[in-house]
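As a plain string of letters, each chain reads:
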Amino acid sequence: MSAARARRPLSEPGSVAKRPDVLPPLGCGSAGCARTQAHVRPRPFWRSACSGSAGSRSARSGLAMGVGLAAGSVRVRYLVYFQYLGTDFNGVAAVRGAQHAVGVQNYLEEAAERLNSVVPVKFTISSRTDAGVHALSNAAHLDIERRSGQPPFTPEELTEALNTHLRHPAIRVLQAFRVPSDFHARYAATSRTYLYRLATGCPRPDQLSVFERNRCWALQADCLDVAAMQEAAQHLLGTHDFSAFQSAGSPAASSVRTLRQASVSPDPASPFVLPQESR
């Protein structure tokens, strides 16, 4: 059994394809077979704070202050990176109302309730994923206001607390950062990367290794014309109107996107497939 991999960074028009100064361990996440990773650009003075320049002292001071609200209380904004296996979820976005479906955001906000914030904690997700889509590194921002006399959580404390209270084993918070009160995880995103894994030589779904199910698409074909797929992928590069790929009623303000890289390549045989099963 072999796999073909397609990599497709996607960014908003006019954005800068630039990784942030600080990122958690990187990778891509998979969408049933499609993986996604959101790259978020910190605000300029955050970059100064990370660089150790003369401006970093005032930046650190600004981060420490937060936003004063009720007497003695401080609201602090955080950027968090998190990952999940999306098999059990209706996507990353929260599902509201009395429905059986549930999103990753529901579990994140449920864990945040245990932090005893003065105001309810809401996660603003950087990049939405659909049902069954996995993410190795997605991002979100959230505000936490602690009671008078209680210091703000450190990023390390917040990461540990959220992971402690998460009730679903398929979700994990990777890392947290304190950011300015006007930081926005979605609008600061500079690019998104997707990885699609295709497994060939599977006439029947039950021929796919149990360790690979929900992590790739099983195809009946014994092989793919990778060279032709790679050549075709190059026609997608650049800035185009992708309205033909957009769902009806999409809330997106624009369907114009820029593809900076697209590649198709054969992967080594899956480590979860026995030698005698290799096709």
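Please refer to the structure higher up on the page.
All values reported here derive from a predicted model rather than from experimental measurement.

Enquirer: Just checking my understanding: could you explain the overall build of the chain for this structure?
Expert: Helix and strand counts for the chain stand at five helices and 12 strands. The buried share of the chain, reckoned over its 279 residues, is 45%. Partitioning the contacts of the chain with sequence separation of at least 6, the portion at a separation of at least 24 is 70%. As displayed, the chain has an accessible area near 14700 Å², and 53% of this comes from carbon and sulfur atoms.

Enquirer: What am I meant to see in the nonpolar core here?
Expert: Nonpolar side chains in soluble globular proteins generally cluster together in the buried interior. Counting residues in each nonpolar core, the largest one holds 29 residues, and the members touching the most others are Phe82, Phe123 and Leu158. If you list the elements that add at least two residues to this core, you get strand 4 (74-84), helix 3 (104-113), strand 6 (134-146), helix 4 (155-165) and strand 7 (171-179). In this structure phenylalanine 123 touches Val80, Gln105, Leu108, Glu109, Ala112, Ala140, His141, Leu142 and Leu162, once residues within four positions along its chain are discounted. With nine residues, the next largest nonpolar core counts Leu79, Ala139, Phe177 and Val179 among its residues.

Enquirer: I tried to follow unusual backbone geometry on my own but got confused; where do I start?
Expert: A negative phi angle characterises most non-glycine residues, just as the trans form characterises most peptide bonds. Positive phi, close to 60°, is recorded for asparagine 116, a residue that is not glycine. Mapped onto the elements, asparagine 116 comes out in the loop between helix 3 and strand 5 (124-125). For asparagine 116, a relative accessible area of 51% translates into the label exposed. Although it is not a glycine, asparagine 214 adopts a positive phi angle of roughly 70°. Among the secondary structure elements, asparagine 214 is positioned in the loop between strand 8 (189-199) and strand 9 (217-218). Residue class for asparagine 214 comes out partly exposed when judged on its relative accessible area of 42%.

Cut-offs used in this document
- Throughout this description, residue numbers start from 1 for each chain and increase along the sequence as written.
- A pLDDT threshold of at least 70 governs which residues receive local features in this predicted model, and a stricter bar of 80 or more applies before side-chain atom pairs are shown or counted, although totals over entire chains, interfaces and linings include all residues.
- Processing note: side-chain calculations cover all non-hydrogen atoms of the structure and skip hydrogens and water entirely.
- Put simply, DSSP marks the helices as runs of H or I at least four residues long and the strands as runs of E at least two long, and each gets a number from the N terminus on.
- Each residue is placed in one exposure class: buried if its accessible area under a 1.4 Å probe, protein chains only, is under 20% of its type's maximum, exposed if it is over 50%, and partly exposed if it falls in between.
- Pairs of residues are marked as contacts when any of their non-hydrogen atoms sit within 4.5 Å.
- Surface accessibility follows the Shrake-Rupley procedure with a 1.4 Å probe radius. Residue values consider only the protein chains on display as shielding.
- Definition of nonpolar core: a set of buried residues of the types Ala, Val, Leu, Ile, Met, Phe, Trp, Tyr and Cys, connected through side-chain atoms within 4.5 Å.

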